[in-house]
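# Survey of secondary and tertiary structure
Chain by chain, the residues run as shown.
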Amino acid sequence: MEIGIGFWIGFFAFVVVMLALDLFVFHKKDHVPSIKESLLWSAFWISLAILFNIGVFFILGKTAALEFFTAYLVEESLSIDNLFVFILIFSFFKIEPEYQHKVLFWGIIGAIVMRAIFIFAGVALLNRFDWIMYVFGAFLLYTGIKMLVDHKDTSEFNPNENIVIKTFRKLMPVTDDRSSHRFFTKINGKTYATTYFLALLFIEASDLVFAVDSIPAVLSVSKDVFIVYTSNIFAILGLRSLYFALNGIMQYFRFLKVALAGILTFIGFKMCINEFAHEMGYHFHISNIVSLSVIVGLLTTSILASVLIK
């Protein structure tokens, strides 16, 4: 069944309604979500993704449903790496926990737009140039291996050295005055950006970097724009709740980066092998079921290892 404009309108309407409820109803007041509250919200967003997946199964069929679930799990897994960066960003800019949700909320608005651009461009390139699959695969292989061997010292983390932040500081004055919790404030009649906006800007920049990794990985699962985009957005929508749920225990997932490196490396290998087999006329193909099994296996093993190995 072909995805019509009605599906897209319905999905965007759903996203707008959920974001409006999130900002103006459920999180109208700034507060620090408890772990229990965050876990419940995480379960809520995951349940919505599962319900949507069931709808995909009945409307678009079994193959599309499997592609959505696999793509969602890939994006959700790789998004966990964002959580480590969020912790560093909020710590560096000294963003109080009760205002972190607002910064993440507006960060998601930007991510929704950027992911759409990346996904439509990626699918268009794959449909026009088959060899792009090798480029994506090789890039994921490189990224996975680099993540495995690269051990950066987080004490050297300094967003002020980022080119985006440097450029913005040249274009607009920034105040360190923390009396206002808004993104912009006026001092003596002049508009200044606050550190809250700098944190938001850096989150958007980091999401752009993460999208370069995650979008090719999800495109290895499906080239259907609707499946790829909706799975991405559902994973992003639940990222804030997941951040607050795992923030206090992220240090215990010591082997998670190893699993993520393994996932990226496997997906890169899969993209190259499947494309090569297709071009040579071989019947060999690494299916999405195999991909799903590998991803779940790596994540489960890393979590168990983090808990069991002292």
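Residues numbered from 1 in each chain as written. Predicted model: local features only at pLDDT ≥ 70, side-chain atom pairs only at ≥ 80, totals over all residues. Heavy atoms only, no water.

## Looking at the overall build of the protein chain
How we decide: Each helix corresponds to a stretch of at least 4 residues labelled H or I by DSSP, and each strand to a stretch of at least 2 residues labelled E; elements are numbered beginning at the N terminus. Two things to know: the radius of gyration comes from C-alpha atoms, and the globule rule equals 2.2 Å times the number of residues to the power 0.38. Each residue gets one of three labels from its accessible area relative to the maximum for its type: buried under 20%, exposed over 50%, partly exposed in between, using a 1.4 Å probe on protein chains only. The contact criterion used is simple: two residues touch if any of their non-hydrogen atoms lie within 4.5 Å. Computed with the Shrake-Rupley method and a 1.4 Å probe, the accessible areas treat only the protein chains shown as cover for residues. Working convention for charge: Lys and Arg count positive, Asp and Glu count negative, and His plus the chain ends are omitted. Lys charges are placed at NZ, Arg charges at CZ, Asp charges at CG and Glu charges at CD.
What the protein chain contains, in helices and strands, is 11 helices and 2 strands. When its helices and strands are written in sequence order, the protein chain yields α-α-α-α-α-α-β-β-α-α-α-α-α. Computed over C-alpha atoms, the radius of gyration of the protein chain comes to 20 Å, within 12% of the 19 Å expected from 2.2 N^0.38 for 310 residues, which places it in the range of a compact globule. For the protein chain, the proportion of its 310 residues judged to be buried stands at 49%. Partitioning the contacts of the protein chain with sequence separation of at least 6, the portion at a separation of at least 24 is 79%. As presented, the protein chain carries roughly 15900 Å² of accessible surface, and 69% of it is formed by carbon and sulfur atoms. Side-chain charges of the protein chain comprise 23 positive and 23 negative groups, with the mean position of each set lying 6 Å from the other.

## Details of the packing of aromatic side chains
Applicable threshold: Stacked, edge-to-face and tilted labels apply to pairs of Phe, Tyr and Trp rings (six-membered ring for Trp) whose centres lie within 6.5 Å, assigned for plane angles under 30 degrees, over 60, and everything in between, in that order.
Under the counting rule described, the total for this entry stands at 30 aromatic pairs. Ring centres of F90 and Y243 lie 5.8 Å apart, and the angle between their planes is 65 degrees; on these two criteria the pair is classed as edge-to-face. Of this pair, F90 sits in helix α3 (residues 62-92) while Y243 sits in helix α9 (residues 239-246), and the two are 153 residues apart along the sequence. There is no split in this pair, since F90 and Y243 are both buried. Taken together, F7, W8, F11, F12, F14, F52, F68, Y72, F120, F226, Y229 and F234 form an aromatic cluster joined through their ring pairs.

## Some words on the confidence of the model for the protein chain
Selection criterion: pLDDT gives the predictor's per-residue confidence on a scale running from 0 to 100.
Here the protein chain averages 82 in pLDDT, and 93% of its residues register 70 or above. Here α9 stands out as the least confident element of the protein chain, with mean pLDDT 80; helix α8 (residues 225-237) is the most confident, with 89.

## A short note on the pattern of salt bridges
Threshold: Only one rule defines a salt bridge in this text: a Lys or Arg side-chain nitrogen within 4 Å of an Asp or Glu carboxyl oxygen.
Here the structure, examined in full by the defined rule, presents 2 salt bridges. The salt bridge involving R115 is made with E75; its shortest N-O contact spans 2.7 Å. Highlighted residues: R115 in helix α4 (residues 97-128) and E75 in helix α3, separated in sequence by 40 residues. Each member of the pair, R115 as well as E75, carries the same accessibility label: buried.

## Section: the pairing of strand β2 (residues 190-193)
To keep it simple, the criterion reads: Pairing between strands requires that DSSP locate at least two bridges from one strand to the other.
Pairing analysis gives 4 bridges linking strand β1 (residues 184-187) to β2, with the strands arranged antiparallel. The partner of T185 across the bridge, within β2, is Y192. In this structure, the hairpin formed by β1 and β2 is closed by a connection of 2 residues, where N188 is found at a positive phi of approximately 55 degrees.

## Points about the environment of L201
Relative to the helices and strands, L201 is located in helix α7 (residues 195-219). Between the C-alpha atom of L201 and that of G107, which follows or precedes it by 94 residues, the distance is 8.0 Å. In this structure L201 touches V164, I165 and F168, once residues within four positions along its chain are discounted.

## Some remarks on the packing of α3 against α4
Quick note on the threshold: Lines fitted to C-alpha atoms define the axes, with helix axes restricted to the stretch in contact, and inter-axis angles between N-to-C directions lie between 0 and 180 degrees. Angle categories: roughly parallel below 35 degrees, roughly antiparallel above 145, roughly perpendicular from 65 to 115, and oblique for all the rest. Left-handed describes a crossing whose near helix is turned anticlockwise from the far helix through less than a right angle; right-handed describes the clockwise counterpart. The classification used treats Ala, Val, Leu, Ile, Met, Phe, Trp, Tyr, Cys and Pro as nonpolar, Asp, Glu, Lys and Arg as charged, and all other residues, Gly among them, as polar.
Across the interface, α3 lies against α4 with an axial gap of 13 Å and an inter-helix angle of 135 degrees. As summarised for this structure, α3 and α4 are arranged oblique, according to the angle between their axes. Between α3 and α4 lies a crossing of right-handed hand. Between α3, through E75, F86 and F90, and α4, the contact on the second element is made entirely by Q100, V103, L104 and R115. Considering only residue class, the contact of α3 with α4 consists of 4 nonpolar, 1 polar and 2 charged.

## Brief notes about the side chain of T230
Mapped onto the fold, T230 is located in helix α8. Residue contacts for T230: discarding those within four places in its chain leaves F11, F52 and F68.

## A few points about the packing of α4 against α8
Contact pair α4 / α8: the axes reach a minimum separation of 10 Å and the direction vectors enclose 155 degrees. Taken together, the axes of α4 and α8 are roughly antiparallel relative to one another. As α4 packs across α8, the resulting crossing turns out to be right-handed. Contacts between α4 and α8 pair I108, A111, I112, R115, A116, I119, F120 and V123 from the former with V225, V228, Y229, N232, I233, I236 and L237 from the latter. For the contact of α4 with α8, the class distribution of residues is 13 nonpolar, 1 polar and 1 charged.

## So, α8
Note the following rule: Expected helix span is given by 1.5 Å per residue-to-residue step, counting one fewer step than there are residues. Between N or O atoms, a polar contact is any pair within 3.5 Å; within protein, one atom must be a potential hydrogen donor and the other a potential acceptor, and residues adjacent in sequence are included only when both atoms are from side chains.
Taking 1.5 Å as the rise per residue, α8 with 13 residues should run 18 Å; its terminal C-alpha atoms sit 18 Å apart, in good agreement. Sitting at the amino-terminal end of α8 is D224, which places a side-chain oxygen 2.9 Å from the backbone nitrogen of F226.

## Some details on α7
This is how the line gets drawn: In this analysis the local bend is the angle between axes fitted, respectively, to the seven residues ending at and the seven residues starting at the residue.
Helix length check: α7, at 25 residues, gives a terminal C-alpha distance of 35 Å against a target of 36 Å (1.5 Å per residue), a fit within 8%. Its maximal kink placed at A211, α7 deviates by approximately 35 degrees. The buried fraction of α7 is high, at 22 of 25 residues.

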